[in-house]
Every structure is written in structure tokens, then in C-alpha cells.
Amino acid sequence: MSNRLYYRGPEEAAAHCLPQFQSFDQQLCYNNGSQGTNFSFQGSNERYCTLESSSATGSYTVYNSPSTVSFSPYGSPNSQQDSQSYRSSDPDNAYGSPMSASCVTEDMSDLKHKLRELETVMLGPDSDIINSYDSSFTTNKSSLGMMDSWRGTMEVISGGDLKQLLVACAKSVWDNDLLTAQWLMDELRQMVSVSGEPIQRLGAYMLEGLVARLASSGSSIYKALRCKEPASSDLLSYMHILYEVCPYFKFGYMSANGAIAEAMKDENMVHIIDFQIGQGSQWITLIQAFSARPGGPPHIRITGIDDPTSAYARGGGLNIVGQKLSRLAESVKVPFEFHSAAVSGCEVRLENLGVRPGGEALAVNFAFMLHHMPDESVSTRNHRDRLLRLVKSLSPKVVTLVEQESNTNTAAFFPRFLETLNYYTAMFESIDVTLPRDHKKRISVEQHCLARDVVNIIACEGVERVERHELLGKWRSRFAMAGFSPYPLSSPVNATIKRLLENYSDKYRLEEREGALYLGWMDRALVASCAWK
């Protein structure tokens, strides 16, 4: 049939080529075993596409490996206990899948053969467009457009550029082109690795996010992707390693502390409200600095607001932080009090903050915290702006803000994916400089401290998407609407931060712009710090 089209409707073609997807709104069941957690979706024996899908049982086993999440449809943990990723015979391809593991075809390596099969479905058994172009295709623009799309996909795959493949796969997910998305996912599995180059490591976690998004927008699969928490002492160790090898957190804490120290240089009673105190590490250097203040140190009172991750890593409540800081203050002879507020940011009310009218100069610290607060796009309660208005009503002397310089809050899925890819590429590249790839804890550090954020940004929507970063320009608007005005950062502290960066890499960049500080990797700003009054 050289001069006519053998046309099948898109529904018929999809039924022939594409595994039958249906929403994951059936009951999600699980059984905890000694070696893993078996997830199954009741009500269907049809085949679902996940990171491995050569089985048609619709059942997955999540293995709690020491390095990353392992998914397997085989239902048995055979030889999986030491796995660092998906089942693979190639140790360098930690996220690789077996040759037969494909939900599109049993052999994805032969791309030309795949395209011929698709031609047969869409254009009839006698078509031959791999080596010749028939002008009769102009009679069916839909089929021609589809074949052009597949040709473009083949070109991206043959190019072997992992970043381009990730973008193409995300675009297919965004366009609801499930057949192309699954094809590209199968190719990506052969290229990503949690122990490879920075883009391979990031690609592994972004692939997890895409797979989770296809499965009910991450509502259930994201929970499965969140492997079992490590022991609290291990998580604390991972967080400490990341703090030491990346200057982002030190940069943020130092710039915020500098603004607070400058604002409080003549005060005798200082109250600091920290909206995400974590381990309390930020305040160690500030207490030490106040101890050396000419004329003697002020009386310091810190109110610490908790968050679940920090509580788990500490292995206990905020009293642990209070005791640690109290011992430090006593050792350097600084009068000190600690007040705990074991509530999440969304639950904070005035009575939780322990404010004492008169006599205390107030400083408020928002370090890597406000982006977790839902705004007007998520909830009519808009806790992001509510907290700013609440803090403004307390008439603080200074308010510090440290946030990732990224735009993922209200962006639609595909531009959000591109932003996340660019942002975390710089982040993973910077880690590669200071933390050797053969470091035995590096995979765990990236998995437990960074990967979940990546998966959440890509896979989840609505209230389930808690990683909602905004650019500093947007934060400026929010602070201005709440009634704040800019407070200049300390120049001596800025000089100290520049010296700090010399201990890391010359690829880090520090820029002072419009009263704010930006820390970046090469040409990408990653963290912004500013102060308000």
C-alpha cells in the first residue's frame, strides 16, 4: 500500500502499542516483610509502568537499601539486600534495568524495529518509511505529526545527551504522551546512576520523580519512593556532612547572624525567634560572638520552633537543643534562656512565641523555612503571608531571610522541571568538587538530604508539594506588602563569607545586589540572603 494510509484511530493504536494505564485511585495495599514492603494495587491485573515493569502483576516491592530506593516487580528480595538502586547486572549502571524490563516492548535497544512496529499499527502492514518518505503522508497530518515526533525522539536518544533525554521525557509527561514517556524512561534507566557523574546522579532522582508523577501525580507512589528513614544518628550524620561540604548553609547562617549582631550591638536583652531551629547549629557562632562583645554580652533568649525532620534527626524534642546551647552559653559566660515551641510553622500563633512586652529587642530568623509554608495558590489561609504579618505585628528590630534562589512555587510542571534540573545540576556539581565519589556516605547524603526534595517538586501537586521555592524578587514583594523595609547586611560579615568561600572552590560566586547577598555556583545563583526591619 504505497499510496494510501492505513489509518487507525488513536484509541485503537494506543490500545495496541501502549500498556493500559488507569488511575491509581484503587486501594493501595501493602505488606511489611522482613526484607521489604510489597505494594499492590487492588482491582486490576493490568500492567503498570514503573521503574521496572517486566511483570504484569501490578505488584511492586520496595527494598530499603542503604543507598536508594529499589523497585522490583518480581516479588522477591533475591540478592537485593546490598542494592544501591534498580536491578542491574552492570555495577556502574546503578539505576539500570534488565534488558527485558520494558513496558513498551521486550527489546528497546532496536529503535528502528520499534518504529516499524509503530508504523504497522498506525499506517498498515505494508508501510516502509524508515528508508523512504512517501508523499501520501500529507493526506493524514495527524499520523505524519506522530511519526515526526517519534523521529525526533529517536534523534534525542541517539544523541545520548542525558540532560536532553530528561527534558524530552518530562515534556512527554507534560503532554500526556505516555508511550513516548515510557520509551524515554526505559532509555534513561540505562544512563542514570547514583554513583556516576553529577548529571547521572541527579538524573536518577529526577527519573524517580517522573515515574511517581505518572502514578497518580505522586499521591501514593511518592510515599513509596520515600524509603525507610535511616537511624536518627545516621540522618544527623548525613546532614552534618552536607553542612560541611557545601557552603550554602554556612553562608546563610553567617549572613543572618551578621545582620542580627549588627542590629543588637547596643542591646542588653535580646530575644531571637528561630522559625526552624533544627539542631540549633546556627546560634553557636552568634553566642560566641556576643561573648566577646565590648562592654559584655547581652542576655540572650532563644525561642526555637520545631520541624519533624529535625526532631527525628535529633532523636528527641527541642530540650536537646536547649541543653546544648545552654551548656555553650555557660562555658562562654553568656546569660541564656531557651524557650521551645514544638509546633509546625502552619500552627504557630502569637502565644507560641513567648514574646515579653518591653525590655527585649526582638530578632526573627527565617532560614530555609518559609518556602515550606503554603501560600495563596495552595490555601486560602496563606500561611506564608500570615506568618510575615504576625511577625511584623511584634515590631522586631530585624528579620532575616535565607532561601534557595529558585522558582518552583506556582510554576507549571514542565517549566518547574526545567528549573529544578538547572538548579540541582549546579548543586550536584558543587558537591562533586568537595565530596569524593568514593565517599562511602555520599550516596546516602544526596538521597536523604536532597533527593526527596527533587522528587517532591516533580511528582507532587497541591498540598502534597511542600517544596515551593520563590525568587528573592517575590520575597521582596511579600515582605513589602507585610509592611517591612530592607535592612542592610553587614559589610564585615560579607568579607568574612568571601574568605570562607576560598576554602571550597573558585567556582563559587558571591554577589551583593540591592542590599542582598547571593551565593552561586558559576553562573547560577543558588541561595539568597537579606534582612528586613
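Structural notes, computed from the coordinates.

Calculation notes
- Residues numbered from 1 in each chain as written.
- Predicted model: local features only at pLDDT ≥ 70, side-chain atom pairs only at ≥ 80, totals over all residues.
- Heavy atoms only, no water.
- Helix = DSSP H or I, 4+ residues; strand = E, 2+ residues; numbered from the N terminus.
- Contact = heavy atoms within 4.5 Å.
- Areas by Shrake-Rupley, 256 points an atom, 1.4 Å probe, with all protein chains shown as cover.
- Core = buried A, V, L, I, M, F, W, Y, C linked by side-chain atoms within 4.5 Å.
- Buried < 20%, exposed > 50% of the residue type's maximum accessible area, 1.4 Å probe, protein only.
- Salt bridge = Lys/Arg side-chain N within 4 Å of Asp/Glu carboxyl O.
- Expected span 1.5 Å × (residues − 1).
- Phe/Tyr/Trp six-rings, centres within 6.5 Å; stacked < 30°, edge-to-face > 60°.

Side note on the overall build of the protein chain
- Summing up its helical and strand segments, the protein chain has 17 helices and 13 strands in all.
- For the protein chain, contacts bridging at least 24 residues in sequence account for 71% of all contacts bridging at least 6.
- Surface exposure of the protein chain reaches about 22,500 Å², of which carbon and sulfur atoms provide 50%.

Concerning the nonpolar core
- In this structure, Leu210, Tyr248, Ile272, Val398, Phe417 and Tyr424 are the most contacted members of the largest nonpolar core, which totals 89 residues.
- Non-local contacts of Ile272, meaning those with residues more than four positions away in its chain, are made with Ile260, Trp283, Leu286, Ile300, Arg301, Ile302, Thr303 and Ala363.

Let's talk about the environment of Asp175
- If you trace the backbone, Asp175 turns up in the loop between helix 4 (162-174) and helix 5 (178-189).
- Here the alpha-carbon distance between Asp175 and Phe414, two residues 239 residues apart in the chain, equals 9.3 Å.

Section: the pattern of salt bridges
- Applying the stated criterion to the full structure yields 24 salt bridges.
- Between Asp175 and Lys171 there is a salt bridge, with the nearest N and O atoms lying 2.7 Å from each other.
- Look at Asp175 and you get partly exposed, because its relative accessible area is 44%.
- The salt bridge partner of Glu461 is Arg416, with a shortest N-O separation of 2.5 Å. With Glu461 in the loop between helix 15 (442-459) and helix 16 (472-481) and Arg416 in helix 14 (residues 413-434), this pair connects stretches of sequence that are 45 residues apart.
- In this structure, a network of salt bridges that share partners links the residues Glu197, Arg201, Asp432, Arg437, Arg442 and Glu446.

Section: helix 6 (residues 198-214)
- For helix 6, which comprises 17 residues, the first-to-last C-alpha distance of 25 Å matches the rise-based estimate of 24 Å (1.5 Å per residue) to within 8%.
- When you tally the buried positions in helix 6, you get 14 out of 17 residues, the bulk of the element.

A closer look at the packing of aromatic side chains
- Scanning the model with the defined rule gives 13 aromatic pairs in all.
- Ring geometry for Trp174 against Phe413: centres 6.3 Å apart, planes inclined by 40°, an arrangement best described as tilted. Within this pair, whereas Trp174 is found in helix 4, its partner Phe413 is found in helix 14, the two being separated by 239 residues in sequence.
- With a relative accessible area of 43%, Trp174 lands in the partly exposed category.
- Note on Phe413: relative accessible area 2%, which makes it buried.

Some points on unusual backbone geometry
- One non-glycine residue with positive phi stands out, namely Ser395, at about 55°.
- Even without being glycine, Glu514 reaches a positive phi, approximately 55°.
- Along the chain, Glu514 turns up in the loop between strand 11 (508-513) and strand 12 (516-521).
- With relative accessibility at 65%, the residue Glu514 sits in the exposed group.

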